[in-house]
Amino acid sequence: MDDGVQHPTPDPVAEAVRQIRAHGERVTVARTAVLRVLADADEHLSADAIFAAVSRAAPGVHRTTIYRALDALERLDLVAFTRLRHDAATYHLAGHLVGGARVYVRCRVCGTVGHAPGDLLDDVAFRLAAEQGFALDPTAVALTGRCARCARP
Ligand SMILES: [Zn+2]
């Protein structure tokens, strides 16, 4: 699945594969394909969208195999998912593979879930801690609004 795109080093997929091996687990075609799809995605993806993308790159992989790969990667703390209100869960690479935790941004028009750098809310977290003693978990936050596509007049 070499698309010719230069990925920033260290490659999160290579790092994830290294950690799968370190856990004594198998590095399967499905697991690697799921990691690559998530690493290349700008958005968080539902399990169905991940399956569709993997099918394009590696036809013949069964849906249940992809779901099992997602479960295994989540158990290994390499993939995380978020479930926002009534939407299906969307998946993304774990924060430690991509240079830190992220804040989710969700479009209330089309439902797209994207992300912003995890330090986006540092000032907010600092004030909440200082003024209320409240420890904000920014990775569990979903900011809502309209995405670039939907905000266009
Ligand atoms: Zn939108």
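Nothing here was measured: the structure is a model prediction, and the numbers come from that model.

### Considering the UniProt feature "binding site: Zn(2+)" (unreviewed entry) in the protein
UniProt records the feature "binding site: Zn(2+)" (unreviewed entry) at Cys107, Cys110, Cys147 and Cys150, using the numbering of this structure. Taken together, the annotated residues stretch across 44 residues yet fold into one region, lying no more than 8.1 Å apart by C-alpha. As for its position among the elements, Cys110 is in the loop between strand 4 (102–107) and strand 5 (113–117). Dropping the residues within four chain positions of it, Cys110 is found in contact with Cys147, Arg149 and Cys150. Structurally, Cys150 is set in helix 6 (residues 148–151).

### Section: the sheet that holds strand 4
Two pairing modes exist for strands in a sheet, parallel and antiparallel, and in both the strands are linked by backbone hydrogen bonds. Spatial ordering of the open sheet is given by 5-4-6, a layout of three strands whose pairing is mixed. At either margin of the open sheet sits one strand with a lone partner, and together these are strand 5 and strand 6 (142–145). Taken pair by pair, the neighbouring strands of this sheet meet at an average axis angle of 35 degrees, ignoring direction. Of the strand pairs in this sheet, strand 4 and strand 5 are connected by five bridges, and their pairing is antiparallel. Across the sheet, Arg106 pairs through a bridge with Val113, a residue of strand 5.

Cut-off values and rules
- Residues numbered from 1 in each chain as written.
- Predicted model: local features only at pLDDT ≥ 70, side-chain atom pairs only at ≥ 80, totals over all residues.
- Heavy atoms only, no water.
- UniProt positions renumbered as here; feature names shortened; annotations may be inferred.
- Helix = DSSP H or I, 4+ residues; strand = E, 2+ residues; numbered from the N terminus.
- Contact = heavy atoms within 4.5 Å.
- Pairing = 2+ DSSP bridges.
- Axes fitted to C-alpha atoms, helices over the stretch in contact; angles between N-to-C directions.

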